[in-house]
Amino acid sequence: QVQLVESGGGLVQAGGSLRLSCAASRSISNAMGWYRQAPGKQRELVATITSGGGTNYADSVKGRFTISRDNAKNTVYLQMNSLKPEDTAVYYCNANWRTTSYWGQGTQVTVSS
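Bear in mind that the values here come from a model prediction, so they are computed numbers and not experimental data.

Details of the overall build of the chain
Then, number 1: From N to C terminus, the chain includes 0 helices and 11 strands.
Then, number 2: For the chain, the α and β elements follow one another from N to C terminus as β-β-β-β-β-β-β-β-β-β-β.
Then, number 3: Over its C-alpha trace the chain gives a radius of gyration of 13 Å, about what one expects of a compact globule, namely 13 Å for 113 residues.
Then, number 4: In terms of overall dimensions, the chain has a C-alpha envelope of 40 × 25 × 20 Å along the principal axes.
Then, number 5: Across the 113 residues of the chain, 42% fall into the buried class.
Then, number 6: Taking the intrachain contacts of the chain between residues at least 6 apart in sequence as the baseline, contacts between residues at least 24 apart amount to 53%.
Then, number 7: Between the centroid of the 11 positive side chains of the chain and the centroid of its 6 negative side chains there is a distance of 6 Å.

Shown next, in the form of structure tokens:
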């Protein structure tokens, strides 16, 4: 079993920044990632990072968001800069451990125009 606890969401004006954190209850050797779900839309990939630091981003956030991880703290981060109203969503942390995919409870990010 893996518990993922997210923090760092909130309300910010367009152009602002937020940093999300996700702490895992155990070491994760696989990739971890961030996904988001806006009202009325499907959950979508934001960014992923391997244990070695390899990253992948959705086109919509490239150049604005940065994913990173601290393996010693079992924590993954999402630095979000130049936020836009269309970034408004619930952001979820994801990690795969053994054969199971785990999700955090989600943290709300709201960007006002």
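Points about the nonpolar core
Then, number 1: Of all hydrophobic cores here, the largest spans 31 residues; its most connected members are Leu4, Trp34, Leu78, Met80 and Tyr91.
Then, number 2: Of all elements in the fold, only strand 3 (18–24), strand 4 (32–37), strand 5 (44–49), strand 7 (65–70), strand 8 (75–80), strand 9 (89–97) and strand 11 (107–112) reach the threshold of two or more residues within this core.
Then, number 3: Excluding anything up to four places from it in sequence, Leu78 contacts Leu18, Arg19, Leu20, Trp34, Val46, Ala47, Phe65, Thr66, Ile67 and Tyr91.

Quick word on unusual backbone geometry
Then, number 1: The backbone of Asn74 shows a phi angle near 55°, a positive value even though the residue is not glycine.
Then, number 2: At Ser82, a position not held by glycine, the phi torsion is positive, near 50°.
Then, number 3: Looking at where Ser82 falls in the secondary structure, it is placed in the loop between strand 8 and strand 9.
Then, number 4: Residue classification places Ser82 among the partly exposed positions, given a relative accessible area of 41%.

A closer look at the pairing of strand 7
Then, number 1: Of the two faces of strand 7, the one lined by Phe65, Ile67 and Arg69 is fully buried and the one lined by Thr66, Ser68 and Asp70 carries no buried residue.
Then, number 2: Where strand 7 lies against strand 8, 6 bridges are found, and the strand directions are antiparallel. When the bridges of strand 8 are listed, Ser68 appears paired with Tyr77.

Brief notes about the packing of aromatic side chains
Here a ring pair, both rings aromatic, is described through the centre-centre distance and the interplanar angle of the planes.
Then, number 1: Summed over the entire model, instances satisfying the criterion amount to 1 aromatic pair.
Then, number 2: Both rings, one in Tyr35 and one in Trp103, keep their centres 5.0 Å apart while their planes meet at 70°; by these two values the pair is edge-to-face. Here Tyr35 is found in strand 4, whereas its partner Trp103 is found in strand 10 (residues 100–103), with 68 residues between them in sequence.
Then, number 3: Under the relative-accessibility criterion, Trp103 is labelled partly exposed at 36%.
Then, number 4: In this arrangement the basic side chain of Arg19 is found over the ring face of Tyr77, its NZ or CZ atom lying 4.1 Å from the centre.
Then, number 5: Just above the ring of Trp103 sits the side chain of Arg43; from NZ or CZ to the centre is 4.6 Å.

Procedures and definitions
- Residues numbered from 1 in each chain as written.
- Predicted model: local features only at pLDDT ≥ 70, side-chain atom pairs only at ≥ 80, totals over all residues.
- Heavy atoms only, no water.
- Helix = DSSP H or I, 4+ residues; strand = E, 2+ residues; numbered from the N terminus.
- Rg over C-alpha atoms; globule rule 2.2 N^0.38 Å.
- Buried < 20%, exposed > 50% of the residue type's maximum accessible area, 1.4 Å probe, protein only.
- Contact = heavy atoms within 4.5 Å.
- Lys, Arg positive; Asp, Glu negative; His and termini not counted.
- Charge placed at Lys NZ, Arg CZ, Asp CG, Glu CD.
- Core = buried A, V, L, I, M, F, W, Y, C linked by side-chain atoms within 4.5 Å.
- Pairing = 2+ DSSP bridges.
- Phe/Tyr/Trp six-rings, centres within 6.5 Å; stacked < 30°, edge-to-face > 60°.
- Lys NZ or Arg CZ within 6 Å of the ring centre and 35° of its normal.

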